[in-house]
Amino acid sequence: MTKNIFILITLLSSGTYAQSDTSFVRLATLSTQFEYDMRYATSNNFLKEKVYSCGDCLLRKEVALALVEANSYFIKKGYRIKLFDCYRPLDVQKKMWVIMPDARYVADPSKGSVHNRGGAVDLTLTDQKGHELDMGTDFDHFGKEAHHAWEELPEAVLQNRQLLKKGMEQAGFKSIPTEWWHYNFQSSAGYPVSNFKVECKK
Ligand SMILES: [Zn+2]
């Protein structure tokens, strides 16, 4: 009994387990099965400016592992995940807030977004030819048409959104009401806000 408690205390105090789960990881190092269109590494976004120097997707490790699990679900059905955004430095959040100070669409930087914590992803699905499924609006469409509750859309679009939601929820992600493309990992609120820049490895 005493020995077991000692082992438990050693494990907890070493922090190895917690660290390996919450440290940042490049998604591409865990799987090559994802598609990418990291919009903030291009000028094709609502800021109309390239604000990331690198388009790599970084996430907390447990979030990245859950995303790999979600992608396996979609791959079995003939689809795969395409990412628009992952970890986002706090300085970029501040820029977004200046342009779109509406907390339904952009998290207030004074609180920090789940993207700043490495626990959120913006994504869609592609078919086997790499074409994006029709989700009714583009990524970062700030309007009611992008809301989950908006049903004035073709049946195929509603089904595509449902498919994305089902696969993400099974892997431990939660949707938000206003953006069909955004998912938070279940336990991400506890991660600290980060502000390091992502540099591509040369
Ligand atoms: Zn998002």
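Residues numbered from 1 in each chain as written. Predicted model: local features only at pLDDT ≥ 70, side-chain atom pairs only at ≥ 80, totals over all residues. Heavy atoms only, no water.

Participant: Requested: an account of the packing of aromatic side chains, with residues and values cited.
Facilitator: Tallying each qualifying case throughout the model produces twelve aromatic pairs. Seen in terms of ring centroids, Y87 and F196 are 4.5 Å apart; in terms of plane orientation they differ by 15°. Their pairing is stacked. Residue Y87 is located in the loop between β4 (80–85) and α4 (90–99), and its partner F196 is located in the segment after β7 (179–185); the two are separated by 109 residues in the primary sequence. On the basis of an interplanar angle of 65° and a centroid distance of 5.2 Å, the ring pair of F173 and F185 is categorised as edge-to-face. Here the residue F173 occupies a position in strand β6 (residues 173–176), and F185 occupies one in strand β7, the gap between them amounting to twelve residues. You can call F173 buried: its relative accessible area is 2%. Put simply, the rings of Y40, Y52, F84, F139, W180 and W181 pair up and form one aromatic cluster. (Phe/Tyr/Trp six-rings, centres within 6.5 Å; stacked < 30°, edge-to-face > 60°. Helix = DSSP H or I, 4+ residues; strand = E, 2+ residues; numbered from the N terminus. Buried < 20%, exposed > 50% of the residue type's maximum accessible area, 1.4 Å probe, protein only.)

Participant: Describe in detail the environment of G112, supporting the description with residues and values.
Facilitator: One can find G112 in the loop between α4 and β5 (120–126). Of the residues examined, G112 reaches a relative accessible area of 13% and is grouped as buried. Among all residues touching G112, those that are not within four sequence positions of it are L90, A107, R117 and V193. (Contact = heavy atoms within 4.5 Å.)

Participant: Could you give an account of the side chain of N116, naming the residues involved and the relevant values?
Facilitator: Mapped onto the secondary structure, N116 falls in the loop between α4 and β5. Polar side-chain contacts of N116 include one of 2.7 Å to the backbone oxygen of R88. Look past the residues within four positions of N116 in its chain and what remains in contact with it is Y87, R88, P89, L90, Q93, P192, V193 and S194. (Polar contact = N/O pair within 3.5 Å; in protein donor to acceptor, adjacent residues only side chain to side chain.)

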